[in-house]
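Coordinates in review
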Amino acid sequence: MSDKKTDLVQWIDFSPLSDDRGSLVAVEGNKTVPFDIKRVYYLFGTQPDVSRGFHAHKALKQVAICVTGKCKMLLDNGTEKTEVWLDSPTKGLFINDMIWREMHEFSPGCVLLVLASEHYDEGDYIRDYKEFSNLKELVHET
Ligand code: T46
């Protein structure tokens, strides 16, 4: 896993297996990605002018891969924010727990694949930014 600037942006480079038929990327839990993959979901049919996300997770870790098209991902750890483009099927963005994320500017036909460390649990979501920021401050104080 490579760090870019800070721990906030952590890319995973996938090595495609390419030949004259095309390319294949294999992703394995606890090998290619740093957790056991318990869930896979994907976003598609997204609209160019509609953003998604606007939450953090208490414990969930994920890797997001834009397998087709592109979108912009905003990451916020409570003290620092940054935006990156997800625009390659050979690059995964590792999103740690307690990171606020927003997805913006989906291109037409974008498919965003997400590998998750846990099964779906609405109780793991923090959907209120103030609550997220208060929790982050508590962690910094202790
Ligand atoms: C994330 C970003 C990148 C389920 O029932 N099961 C699931 O596994 C997921 C992911 C969602 N849902 C339900 C919860 C909502 O009623 O599907 C609905 C849409 O989910 P949400 O509004 O959270 O979607 P996004 O695109 O805002 O966020 C999703 C993931 O939820 C989130 O974990 O990090 O993609």
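Conventions we followed
- Residues numbered from 1 in each chain as written.
- Predicted model: local features only at pLDDT ≥ 70, side-chain atom pairs only at ≥ 80, totals over all residues.
- Heavy atoms only, no water.
- Buried < 20%, exposed > 50% of the residue type's maximum accessible area, 1.4 Å probe, protein only.
- Helix = DSSP H or I, 4+ residues; strand = E, 2+ residues; numbered from the N terminus.
- Pairing = 2+ DSSP bridges.
- Near = heavy atom within 4 Å.
- Polar contact = N/O pair within 3.5 Å; in protein donor to acceptor, adjacent residues only side chain to side chain.
- Areas by Shrake-Rupley, 256 points an atom, 1.4 Å probe, with all protein chains shown as cover.
- 1 Å grid on protein atoms, 1.4 Å probe; cavity = no way out; pocket = protein on both sides within 12 Å on 5 of 7 lines; lining within 4 Å.
- Sits in = over half its atoms within 2 Å of the grid points.
- Nonpolar A, V, L, I, M, F, W, Y, C, P; charged D, E, K, R; others polar.

1. Observations concerning the pairing of strand 9 (residues 81–86)
In strand 9, alternate side chains face the same way, and those of Thr82, Val84 and Leu86 are buried while those of Lys81, Glu83 and Trp85 on the opposite face are not. For strand 8 (residues 71–76) and strand 9, the ladder comprises six bridges, and the chain directions are antiparallel. Bridge assignment links Met73 to a residue of strand 9, and that residue is Val84.

2. Digging into the site of the ligand
In the vicinity of the ligand there are 13 residues, among which Arg39, His57, Gln62, Arg101 and Tyr125 approach most closely. With respect to the ligand, the side chain of Arg101 contributes an N or O atom lying 2.7 Å from an oxygen atom. One nitrogen or oxygen atom from the side chain of Arg127 is found 2.9 Å from an oxygen atom belonging to the ligand. Protein chains shield 69% of the accessible area of the ligand, which is 650 Å² for the free molecule. For the ligand, the cavity whose grid points lie within 2 Å of the majority of its atoms is the largest pocket. At the level of elements, strand 5 (39–43), strand 6 (52–57) and strand 11 (100–104) are the ones that each hand at least two residues to the shell around the ligand. Looking at which element gives the most residues to the shell around the ligand, the answer is strand 6, with four residues. Broken down by class, the residue content of the shell around the ligand amounts to five nonpolar, four polar and four charged.

3. Describing the side chain of Asn77
Structurally, Asn77 can be placed in the loop between strand 8 and strand 9. Of the residues examined, Asn77 reaches a relative accessible area of 18% and is grouped as buried. A polar side-chain atom of Asn77 sits 3.0 Å from the main-chain amide nitrogen of Thr79. At 2.7 Å, the side chain of Asn77 forms a polar contact with the backbone nitrogen of Glu80.

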